[in-house]
Amino acid sequence: MGRKLFQCLLVAVLGLLVSPVGRAQSTTATVLGTVTDKTGAIVAGAKVTARNTETNLSRTVAANDQGEYRIEFLPVGSYELEVSGAGFKKAVVRGIVLQVTAEARANVQLEVGDIAESVSVSSEIPLVNTSTPELGRTIENAEIVNLPLVNRNVYALLDITPGVQRNDNSIVLGYPEQRTQINGGTDGGAGSVNYYLDGGSNMAGLRNTGNATPNPDAVEEFRVQTNSYNAEYGRFAGGVINVLTKSGTNQFHGSLFEFWRNNAINAHDWNNPADSP
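Bear in mind that the values here come from a model prediction, so they are computed numbers and not experimental data.

Student: Please explain the nonpolar core as it appears in this structure.
Tutor: The nonpolar side chains of soluble globular proteins are, as a tendency, buried together. Grouped together as the largest cluster of nonpolar side chains are 23 residues, with contacts concentrated most on Val31, Val35, Tyr69, Leu81, Val83, Leu98 and Leu110. In terms of residue count, the dominant contributor to this core is strand β6 (residues 90-98) (four residues). In this view, Val35 contacts Ala41, Ile42, Val43, Ala46, Val48, Gly67, Tyr69, Val83, Val108 and Leu110; residues no more than four positions away in its chain are not counted. Judged by nonpolar contacts, the second largest core, of 18 residues, contains Val154, Leu157, Leu158 and Val193.

Student: Can you help me understand the pattern of salt bridges in this one?
Tutor: Any two side chains of opposite charge can pair, given that their charged atoms come close. Inspection of the entire model under this criterion finds 12 salt bridges. For the salt bridge of Glu72 with Arg70, the shortest nitrogen-to-oxygen distance reads 2.9 Å. A residue is classified by how much of its surface remains accessible, and Arg70, at 38% relative accessible area, is partly exposed. Between Arg137 and Glu143 there is a salt bridge, and its shortest N-O distance comes to 2.7 Å. Its relative accessible area of 18% is what places Glu143 among the buried residues. It is possible to trace a salt-bridge network through shared partners that takes in Lys38, Lys89 and Glu111.

Student: Is there a simple way to explain the layout of surface pockets in this structure?
Tutor: Gaps left between atoms show up when a probe the size of a water molecule is rolled over them. Roughly 490 Å³ of volume is contained in the largest pocket. Lining the largest pocket we find 25 residues, and of these Glu54, Val76, Gly77, Glu220 and Ser247 sit closest to its centre. Within the residue set of the lining of the largest pocket, elements represented by two or more residues are β5 (77-84), β6, α2 (141-146), β15 (219-227) and β16 (240-245). Looking at the lining of the largest pocket residue by residue, the class counts come to seven nonpolar, 12 polar and six charged.

Student: How should I be thinking about the pairing of β15 in this particular structure?
Tutor: For a regular strand, the rule is simple: side chains alternate between the two faces of the sheet. Extensive coverage of β15 is indicated by the burial of seven of its nine residues. Sheet topology places strand β10 (residues 135-139) next to β15; five bridges connect them, and they run antiparallel. Paired with Arg137 across the two strands is Val224, which belongs to β15. Bridging between β15 and β16 involves six bridges; their strand directions are antiparallel. Bridge pairing in β16 places Val224 opposite Ile241.

Student: Mind showing me how you'd approach the sheet that holds β16 here?
Tutor: Either a parallel or an antiparallel arrangement is found when strands of a sheet pair, and the pairing is made through backbone hydrogen bonds. On the basis of which strands lie adjacent, the open sheet formed by five strands has the order β10-β15-β16-β13-β14 and mixed pairing. In the strand order of this sheet, the two ends are held by β10 and β14 (200-201), each with one partner. The sheet contact formed by strand β13 (residues 194-197) and β14 spans two bridges and is antiparallel. In the sheet register, Leu197 faces β14, and the bridge partner there is Gly200.

Conventions used here
Numbers given for residues are sequential positions, taken from 1 along each chain in its written order. In keeping with the model being predicted, local features are shown solely for residues with a pLDDT of at least 70 and side-chain atom pairs are shown and tallied solely at 80 or more, while totals for entire chains, interfaces and linings include all residues. Only hydrogens and water are removed before side-chain values are computed, so all heavy atoms of the structure are retained for them. The term nonpolar core refers to a set of buried residues drawn from Ala, Val, Leu, Ile, Met, Phe, Trp, Tyr and Cys, joined through side-chain atoms within 4.5 Å. A 1.4 Å probe rolled over the protein chains alone gives each residue an accessible area, and that area as a share of the maximum for its type sets the label: buried under 20%, exposed over 50%, partly exposed in between. To qualify as a helix, a DSSP run of H or I must reach at least 4 residues; to qualify as a strand, a run of E must reach at least 2; elements of each kind are numbered from the N terminus. Contact between two residues is taken to exist if any of their heavy atoms lie within 4.5 Å; hydrogens are not considered. What makes a salt bridge here is a side-chain nitrogen of Lys or Arg within 4 Å of a carboxyl oxygen of Asp or Glu, nothing more. Space inside and on the surface of the protein is sampled on a 1 Å grid over the protein atoms alone, with a cavity defined as a set of points where a 1.4 Å probe fits but cannot get out and a pocket as an open set with protein on both sides within 12 Å along at least 5 of 7 lines; lining residues have an atom within 4 Å of a point. Grid points are joined across faces, edges and corners, and a volume is the space filled by probe spheres set on the points. As a working rule, the residues Ala, Val, Leu, Ile, Met, Phe, Trp, Tyr, Cys and Pro are called nonpolar, Asp, Glu, Lys and Arg charged, and the rest polar, with Gly in that last group. Strands were regarded as paired on the criterion that DSSP finds at least two bridges between them.

Below you can see the structure in the form of structure tokens.
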């Protein structure tokens, strides 16, 4: 009994240690790249700092012997990189936008000179992600705000993701149920897609379908991963839908909306007796 109890406690402790990492990875982003000089030679040990321009959160790492750096677990948002090395001017890279679960590559070239001098450059992050094999699409906040949403449900925007074949939201047994079919995934009366909200599972326990999301004003963005996603996402292989809500910034902000919809503003067929006044 004593040995079994010890094994159970060990498993529980390991679960507590591992779980926060999985949650953090599904709500944050990564920036990585290589630091070189103008000739293409690597700059080992360069100091790289990523700073969130909205909250001033910053993280600093040192490039390795191959001039490579990697900064993980960064909250999504707009960033600038500050890169410095002995014998080189400081480089400031602006306009880096990190999206949920994405890896953004930002290679930096340093110019020879006094470290007190600085050179500002614009970000040139490749449009094609060459860091991971995953396929997917991030629905950004501008799309959530500007595109029409049926019943103010952000899941309505799943249809603009390549590979999404079915997108249904209905009331089953008194609660909302989201069903999504991706790339020919099966639908045997239960879900085959993983749903996350801020890193936690957002799935119904009865049929493993998706629960409702917060209203669009509270959602920052969400990502739909359709193929070759990370092994951290277990359970179902049909796809991953990861919704991220907004976080605070150094600026006061808020929103106000009015939502009203009934049959009085629907189109009518006056030749149909049922639609006649």
